[in-house]
Amino acid sequence: MAEERSRRVFLSTTAALSAAALTGVPAGAEEPDVRGPGEHLSPQRPDTELRAILREIDERRIEATVRRLAGFGTRHTLSSQTDPVRGIGAARDWIFAELTKSAQRSGGRMTVELQSYLQQPAPPRIPVATTITNVVATLRGSATPERVYVVSGHYDSRCSDPLDATKDAPGADDDASGVAVAMELARVLATRRPAASLVFAAVAGEEQGLFGARHMATLYKAAGTNVQAMFTNDIVGSSKADDGTRDPRTIRLFAEGVPTSETPAQADIRRAVGGENDSPSRQLARFVRSVAENDATGMTVRVIHRRDRYLRGGDHIPFLEQGYPAARFTEPHEDYAHQHQDVRVENGEQFGDLPEFCDFPFIARVARVNAATVWSLATAPGTPEDVRIRTDRLTNDTDLVWRRGTDPDLAGYEVVWRETTADDWTHAIKVGDRTEAKVDLSKDNVFFGVRAVGKNGRRGPVAFPTPLT
């Protein structure tokens, strides 16, 4: 018996702890009485290095990037690729040059490439064969470079007619704002040494059908790249709604429940264990809240339990299709007079996606949310793999097993759990540097997960277990 107790972690439910779910409790409401083993979870506070990174994000540079991109007149995917001053080709070359300047500050650790391919006609929005080019900056990780995290925005734009490649389409909010976020992160992080690799991408072809992002995701999958998270920033330029109200301290994060890439066999397991709210993308969203809602970002992350907005889509979807965890940042309320509109004045109202309708301090705060997220991911151990719950015997406790990671800074693991009605993890049980744990809680009554802990104290995203029969 003594040997058995030294091999496992056994924690009694009589060690009662009251805690609220990290989210989902209305202001002023009585917190739910959650009892069980472990410590109540708290957000991961930014350390000195992360705070310094967030202070370096420059609102003025972000504004200059948005205005410069809008200044190319149109960045429509079908517009000129050779005109030096107008069209998507001029924008592509400028983005490449700016990212190359950032890479020059990295001591050779950041590389920049033009990722091009010829898209064959794809009606209705690609009527002729068209070259589509992503501009991709990769900052190689210092310890686990094979682990990759991606931040993107799309640099193509459109006006009212999705096939009009000549009319002005400044695309300030949609999506020069997202490109500005990715480029500013590349500039600030180029001189740092994250353990994992970071990718900062400006992709094309989004407005015509997510073509650039799909090409990028497909290349990663074919190469066996271990993309552990991808975030697209699409329409992150304004805090003002169409009714004039503002919400300058909130960013939406769209995260799917049922995985886009789910197979019939995986669907059977999900239905059997109740994992509809525990996809890898939902775990990413929970991680974002834990590291990016603080005084250093000044923002609240409103997680939306959808893959994207109602009947709409963005560049994270091709990554989801390849089985990569991905989510979308979008401003709290969209103003459709300044999105996908011809530039014009109608009945005294200005239409068009112009820089004057952007909120540049807001974009800077969105950039800080992104920076806090990807830096925290890249400096913590990766998401645990092959996490399972033993089901070879019926008991009222729960046996979890997992495969040990290879991160050199790995210190150990924690088992996390929450009530089935809680939106976020509420308790963590320290289990040390081992690959199994027994918890005196029924897998019928709560949800479990496992996360890795680094020697620096940083926690990575949670992995949701599947059954091990």
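Residues numbered from 1 in each chain as written. Predicted model: local features only at pLDDT ≥ 70, side-chain atom pairs only at ≥ 80, totals over all residues. Heavy atoms only, no water.

Asks: Just checking my understanding: could you explain the sheet that holds strand β3 (residues 130-139) for this structure?
Replies: By way of backbone hydrogen bonds, the strands of a sheet pair with one another, either parallel or antiparallel. Pairing is mixed in the open sheet, where eight strands are placed in the order β2-β3-β5-β4-β6-β9-β7-β8. Two strands close off the open sheet at either side, each with one partner strand: β2 (110-119) and β8 (300-304). Within this sheet the neighbouring strands show an average axis-to-axis angle of 25°, counted without direction. With five bridges connecting them, β3 and strand β5 (residues 196-203) associate as antiparallel partners. In the sheet register, L139 faces β5, and the bridge partner there is L198. The strands touched by helix α5 (residues 172-189) are β2, β3, β4 (144-154), β5 and β6 (226-233); relative to β4, the strand with the most contacts, the crossing angle is about 145°. (Pairing = 2+ DSSP bridges. Helix = DSSP H or I, 4+ residues; strand = E, 2+ residues; numbered from the N terminus. Axes fitted to C-alpha atoms, helices over the stretch in contact; angles between N-to-C directions. Contact = heavy atoms within 4.5 Å.)

Asks: Even after reading the chapter, I still don't get the side chain of T373, so can you show me in this structure?
Replies: Along the chain, T373 falls in helix α11 (residues 360-378). Sequence-distant contacts of T373, defined by excluding residues within four places in its chain, comprise F231, F287, V288, V291 and A292.

Asks: Any chance you could explain the pattern of salt bridges here in plain terms?
Replies: Pairs can form between side chains of opposite charge once their charged atoms are near each other. As enumerated under the stated definition, the model contains 39 salt bridges in all. Taking the shortest distance from any N to any O, the salt bridge between R459 and E414 comes out at 2.6 Å. Here the residue R459 occupies a position in the loop between β17 (446-454) and β18 (466-468), and E414 occupies one in strand β14 (residues 410-419), the gap between them amounting to 45 residues. Just as R459 is buried, E414 falls in that class too. Connected through salt bridges with shared partners, the residues D234, R252, D308, R309, R312, R328 and E334 form a single ionic network. (Salt bridge = Lys/Arg side-chain N within 4 Å of Asp/Glu carboxyl O. Buried < 20%, exposed > 50% of the residue type's maximum accessible area, 1.4 Å probe, protein only.)

Asks: Just to check I follow, could you spell out helix α7 (residues 211-222) for this structure?
Replies: Residues spaced three or four apart along an α-helix face the same direction, because each turn holds 3.6 residues. Helix length check: α7, at twelve residues, gives a terminal C-alpha distance of 16 Å against a target of 16 Å (1.5 Å per residue), a fit within 8%. Following α7 by one or two positions, G224 has its phi on the positive side, about 70°. (Expected span 1.5 Å × (residues − 1).)

Asks: Sorry if this is basic, but what is going on with the environment of T131 here?
Replies: In this structure, T131 sits in strand β3. With a relative accessible area of 32%, T131 lands in the partly exposed category. Expressed as a C-alpha distance, the spacing of T131 and I88, which sit 43 residues apart in the sequence, is 11 Å. Beyond its immediate sequence surroundings of up to four residues, T131 is in contact with Q81, S116, Y117 and L118.

Asks: How do you make sense of the packing of helix α9 (residues 280-292) against α11 when you look at a structure like this?
Replies: Helix-helix packing is described using two parameters, namely the angle between the two axes and the distance between the axes. α11 packs onto α9 with a crossing angle of 105° between their chain directions and a minimal axis gap of 9 Å. In terms of orientation, α9 lies roughly perpendicular with respect to α11. Side by side, α9 and α11 meet where F287, V288, V291 and A292 of the first sit next to V369, A372, T373, S376 and L377 of the second. In terms of residue class, the contact of α9 with α11 is built from seven nonpolar, two polar and no charged. (Parallel < 35°, antiparallel > 145°, perpendicular 65-115°, else oblique. Nonpolar A, V, L, I, M, F, W, Y, C, P; charged D, E, K, R; others polar.)

Asks: What should I look at first to understand the nonpolar core in this one?
Replies: Note on soluble globular proteins: their nonpolar side chains tend to be buried together. Judged by nonpolar contacts, the single largest core of 77 residues is most densely connected at I57, I95, Y155, L185, F200, F231 and I251. Per-element accounting of this core gives the leading share, 13 residues, to α11. Apart from the residues lying within four places of it in its own chain, the contact partners of Y155 are R75, I88, A91, R92, I95, T133, V135, V179, A202, V203 and A204. Counting residues in hydrophobic clusters, the runner-up holds 18 residues, among them I389, W402, Y413 and A437. (Core = buried A, V, L, I, M, F, W, Y, C linked by side-chain atoms within 4.5 Å.)

Asks: Please clarify how the confidence of the model for the chain should be interpreted in this entry.
Replies: Atom-level detail of predicted coordinates should not be read off regions where pLDDT is low. Scored by pLDDT, the chain comes out at a mean of 93, with 93% of its residues at no less than 70. Of the regions scoring below 50 in pLDDT, residues 1-32 engages in 57 contacts with residues more than four places distant in sequence or in other chains. (pLDDT = per-residue confidence, 0-100.)

Asks: Just checking my understanding: could you explain the pairing of β4 for this structure?
Replies: Two faces belong to every sheet, and in a regular strand the side chains alternate between them. Burial of β4 is extensive: ten of the eleven residues sit out of reach of the surface. For β4 and β5, the ladder comprises eight bridges, and the chain directions are parallel. Bridge pairing links Y149 to L198 in β5. The β-α-β motif built from β4, the intervening α5 and the parallel element β5 has right-handed crossover chirality. (Right-handed = clockwise from strand over helix to strand, strands pointing away.)

Asks: Before we go on, may I ask you to explain the packing of α5 against α11 in this structure?
Replies: Close contact between α5 and α11 brings their axes to 9 Å; oriented N to C, the two are set at 55°. One way to sum up the angle between α5 and α11 is to call them oblique. Viewed along their axes, α5 and α11 form a crossing whose handedness is right-handed. Note on element contacts: α11 touches α5 through I363, V366, A367, N370, A371, V374 and W375, opposite S177, V181, L185 and L189. Taken together, the residues of the contact of α5 with α11 sort by class into nine nonpolar, two polar and no charged. (Left-handed = near helix turned anticlockwise from the far one by under 90°.)

Asks: Explain the sheet that holds strand β16 (residues 436-439) here, please?
Replies: The four strands are arranged β16-β13-β12-β18 in an open sheet whose pairing can be described as mixed. The sheet is open, and its two edges are formed by β16 and β18, each paired on a single side. Across the sheet, the axes of successive neighbouring strands diverge by a mean angle of 35°, strand direction being ignored. Two strands pair when backbone bridges link them, and strand β13 (residues 398-403) and β16 are joined in this way by four bridges, in the antiparallel orientation. Following the sheet pairing, V401 is matched in β16 by E436.

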